[in-house]
Each structure stands twice: as structure tokens, then as C-alpha cells.
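Remarks on the overall topology
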Amino acid sequence: MNKEKRTVWTNREMIVVLVLLVVSLAGNVAQQIYIRVHLENPNPVGTYLSGPQENPGVEYFVLESNGGYMIYIQGEILDEGKYVEEGEGKYLLTSKRTDKSFPILISGKKIYQFQDEKTIAVYEKFRDLPIYINVDNGTMDNE
């Protein structure tokens, strides 16, 4: 006698398949949330450069995890102060030297610094860590 192939699933098999589908869906949702949080809103902390590091006079733009920032060329600090996040990649920097505030925008691995109505400086991320070359970073304490 030939046994017929069984095409009907038992309740137990249906439950297992449904649980696997729900777990897979939950994993996909969690992955999408992780991607959006980490790729669309990257951690701003690190060192950004205004051009190739080999160029004399290249500007370094450093963002610290404590809310401090510094803009320098090797051997000379150009500006330093504090920054606060305003959301959607927008940050407001307040200079210790001038007490003036100015906005920056971080998109991907670039900082766009709005210097005046016609000038925008662009810095590209060099490292995910703050780097200080031939300058004293002792003034970076967030008071």
C-alpha cells in the first residue's frame, strides 16, 4: 500500500512556522532601526579635515564626547568652545574666544560650517577619535 503524502499541517507545525515568521519580522525591524540610528545620525565625535592632511595649513576640526570642540592648524588653535546638538544633524557651536555662536551641519562624514552668508567650509571625517597634532588640548575641558 502506498501512503499518500501528507499536505495538511498540524497545529504544532503551524505554530512553529508562525513563531519563526514573527521572530524574523522582529529581527528585520530591529535591524532597520539600528541602521537608521547609526547611519543617518552618526556619532559626531572625531577629527575632521579641511583637505588632505599633507597640505600645509590644513584645518583640523575636533569634536569631543564632552561637548567641546576645537578648530586648529598644526601649532595654532584657531577656535575652541562648546557644541550642542539641535537635532537632524544640526549643531550650535559657541566659541570661548568670542562668545559668538554659529551653526554647523553634519551629514554623513562631513561637517558644513556656515561662516557667513556666502561662505561654507567643508571638513571631512578623518578619524572617529579626537586627534591633536602640535597643539595643547588641555583647554578642551568642558567647564
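Structure first, text after, so check above.
Because the structure is predicted, anything quoted here is derived from the model rather than measured.

1. Examining the pattern of salt bridges
Scanning the model with the defined rule gives two salt bridges in all. Across the pair Arg 97 and Glu 80 runs a salt bridge, and its minimum N-O distance is 3.9 Å. Taken together, the residues span a long stretch of sequence, with Arg 97 in the loop between β5 (90-95) and β6 (101-107) and Glu 80 in strand β4 (residues 76-87) at a distance of 17 residues. In this structure Arg 97 comes out as partly exposed when scored by relative accessible area, which is 46%. Using a relative accessible area of 8% as the deciding quantity, one classes Glu 80 as buried. Between Asp 128 and Lys 125 there is a salt bridge, and its shortest N-O distance comes to 3.3 Å.

2. Notes on the pairing of strand β1 (residues 46-49)
Residue alternation in β1 divides its side chains into two sets, Gly 46 and Tyr 48 and Thr 47 and Leu 49, and both sets are buried. As paired strands, β1 and strand β2 (residues 60-63) are joined by four bridges and run antiparallel to one another. Counted as the bridge partner of Leu 49 is Tyr 60 from β2. Note: β1 against strand β8 (residues 120-127), three bridges, orientation antiparallel. For Thr 47, the partnering residue across the bridge sits in β8 and is Arg 127.

3. Here's the deal with the side chain of Ser 95
Here Ser 95 is to be found in strand β5. Excluding residues that lie within four positions of it along the chain, Ser 95 makes contacts with Tyr 69, Asp 79, Glu 80, Gly 81 and Lys 100.

4. Structural notes on the nonpolar core
By size, the foremost hydrophobic cluster in this structure holds 15 residues, and its most contacted members are Phe 61, Leu 63, Tyr 69, Leu 93, Ile 104 and Ile 111. Elements that contribute at least two residues to this core include exactly β2, β3 (68-73), β5, β6 and β8. Once residues lying within four places of it in the same chain are set aside, the contact partners of Phe 61 are Gly 46, Thr 47, Tyr 48, Tyr 69, Met 70, Ile 71, Leu 93, Ile 104, Ile 111, Gln 113 and Tyr 123.

5. Observations concerning the pairing of strand β7 (residues 110-114)
Burial along β7 is one-sided: the face carrying Ile 111 and Gln 113 is buried and the face carrying Lys 110, Tyr 112 and Phe 114 is not. A loop of five residues connects β7 with β8, the two strands running antiparallel in sequence.

6. Notes on the sheet that holds β2
Spatially, eight strands are ordered β1-β2-β3-β4-β5-β6-β7-β8 in a closed barrel, and the strand pairing comes out antiparallel. Each neighbouring strand pair of the sheet contributes to a mean axis angle of 30 degrees, computed without reference to strand direction.

Conventions used here
- Residues numbered from 1 in each chain as written.
- Predicted model: local features only at pLDDT ≥ 70, side-chain atom pairs only at ≥ 80, totals over all residues.
- Heavy atoms only, no water.
- Salt bridge = Lys/Arg side-chain N within 4 Å of Asp/Glu carboxyl O.
- Helix = DSSP H or I, 4+ residues; strand = E, 2+ residues; numbered from the N terminus.
- Buried < 20%, exposed > 50% of the residue type's maximum accessible area, 1.4 Å probe, protein only.
- Pairing = 2+ DSSP bridges.
- Contact = heavy atoms within 4.5 Å.
- Core = buried A, V, L, I, M, F, W, Y, C linked by side-chain atoms within 4.5 Å.
- Axes fitted to C-alpha atoms, helices over the stretch in contact; angles between N-to-C directions.

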